[in-house]
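Notes for the structure review
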Amino acid sequence: MTKILKSSSKGSLIVLSGPSGSGKDSVCERLKEYNDNFWLSISCTTRKPRNGEEDGINYFFVSEEEFKQKIENDDLLEYAVYNNNYYGTPKSKIHEYLDKGIDVILVIEVQGALKIKHKIPEAIFIFLMPPTMKDLVYRLKKRGTETNDKIIERFKKAYIEINELSKYNYVVVNDDLDKSTRKVNSIIEAQKCRVDRIEDVYLNNAEEEIHELLIDNKEFENKDIDI
Ligand code: 5GP
């Protein structure tokens, strides 16, 4: 039987941003319960590892010199300076996963996201928002990984980032981790149904097939079919 539609078998590129403490990493972690068809890109950074962070798992921790070399070699899809540290998305592997039909998620800050939007406008841009600014400070303090000065710096940055919200396609207010994760997953699923992902419509043989099904084929005989 001829299928009517052929949709793109490529994965989607999903960019997830939101201020520090909005819960991006927790959402991605929880997303594994709902979705096993995504790959979380691992960024490079010149920031020092926090307690419990591992090289090659949370980030590739590199020196400033190594980072600059990556820029020079055009190894990064985008990069940005955030709180005096470089952060960047390695190019390698992203297209490999997308071609295999696996969705790729980049958890990056706003400047980097806007660069991706320029390069790959068909990517999906999701902004994760804390329910209130108070929640944001509370979450940053609870994390216990930053000094008060650093928290204030990140808090100021949050204002700047939230101002860029209109450049994103979707916003999810993270007032409940599970609900927010399901919303993010629904956004990803909805992309698969987009009409602009259709590569072909096969209606050429439709009349012939309908004839076959209704007149020549006995398949439907003696069956109750409500149409
Ligand atoms: P953190 O130091 O809290 O791990 O990250 C600081 C900010 O940098 C977060 O908003 C995080 O999403 C963002 N970030 C992480 N990796 C990248 C990256 O590869 N590129 C860009 N532009 N931002 C990143």
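Structural data are supplied above this passage.
1. Overview of the sheet that holds strand E3 (residues 38-40)
Spatially, E3-E8-E2-E9-E10 is the arrangement adopted by the five strands of the open sheet, whose pairing is parallel. At either margin of the open sheet sits one strand with a lone partner, and together these are E3 and strand E10 (170-173). The mean angle between the axes of side-by-side strands here comes to 25°, regardless of whether they run parallel or antiparallel. With four bridges joining them, strand E9 (residues 124-129) and E10 adopt parallel strand pairing. Paired with Phe127 across the bridge in E10 is Val171. Strand contacts of helix H1 (residues 24-31): strand E2 (13-17), E3, strand E8 (103-107) and E9, with the helix running at about 160° to E8, the strand carrying the most contacts.

2. Regarding the packing of aromatic side chains
If you walk through the whole model with that rule in mind, you get ten aromatic pairs. Between the aromatic rings of Phe67 and Tyr79, the centroid separation amounts to 6.2 Å while the plane-to-plane angle is 70°, which identifies the pairing as edge-to-face. In this pair, Phe67 sits in helix H2 (residues 64-72) while Tyr79 sits in strand E6 (residues 76-82), placing the two residues twelve residues apart along the sequence. Accessibility expressed as a relative area gives 0% for Phe67, which makes it buried. Where Tyr82 meets Tyr87, the ring centres are 6.0 Å apart and the plane angle is 90°; that geometry is what we call edge-to-face. In this structure Tyr87 comes out as buried when scored by relative accessible area, which is 13%. A network of ring pairs unites the aromatic residues Tyr59, Phe61, Tyr82 and Tyr87 as a single cluster. A cation sits over an aromatic face here: Lys115 above Tyr79, 4.5 Å from the ring centre.

Rules used in this analysis
Residues numbered from 1 in each chain as written. Predicted model: local features only at pLDDT ≥ 70, side-chain atom pairs only at ≥ 80, totals over all residues. Heavy atoms only, no water. Pairing = 2+ DSSP bridges. Helix = DSSP H or I, 4+ residues; strand = E, 2+ residues; numbered from the N terminus. Axes fitted to C-alpha atoms, helices over the stretch in contact; angles between N-to-C directions. Contact = heavy atoms within 4.5 Å. Phe/Tyr/Trp six-rings, centres within 6.5 Å; stacked < 30°, edge-to-face > 60°. Buried < 20%, exposed > 50% of the residue type's maximum accessible area, 1.4 Å probe, protein only. Lys NZ or Arg CZ within 6 Å of the ring centre and 35° of its normal.

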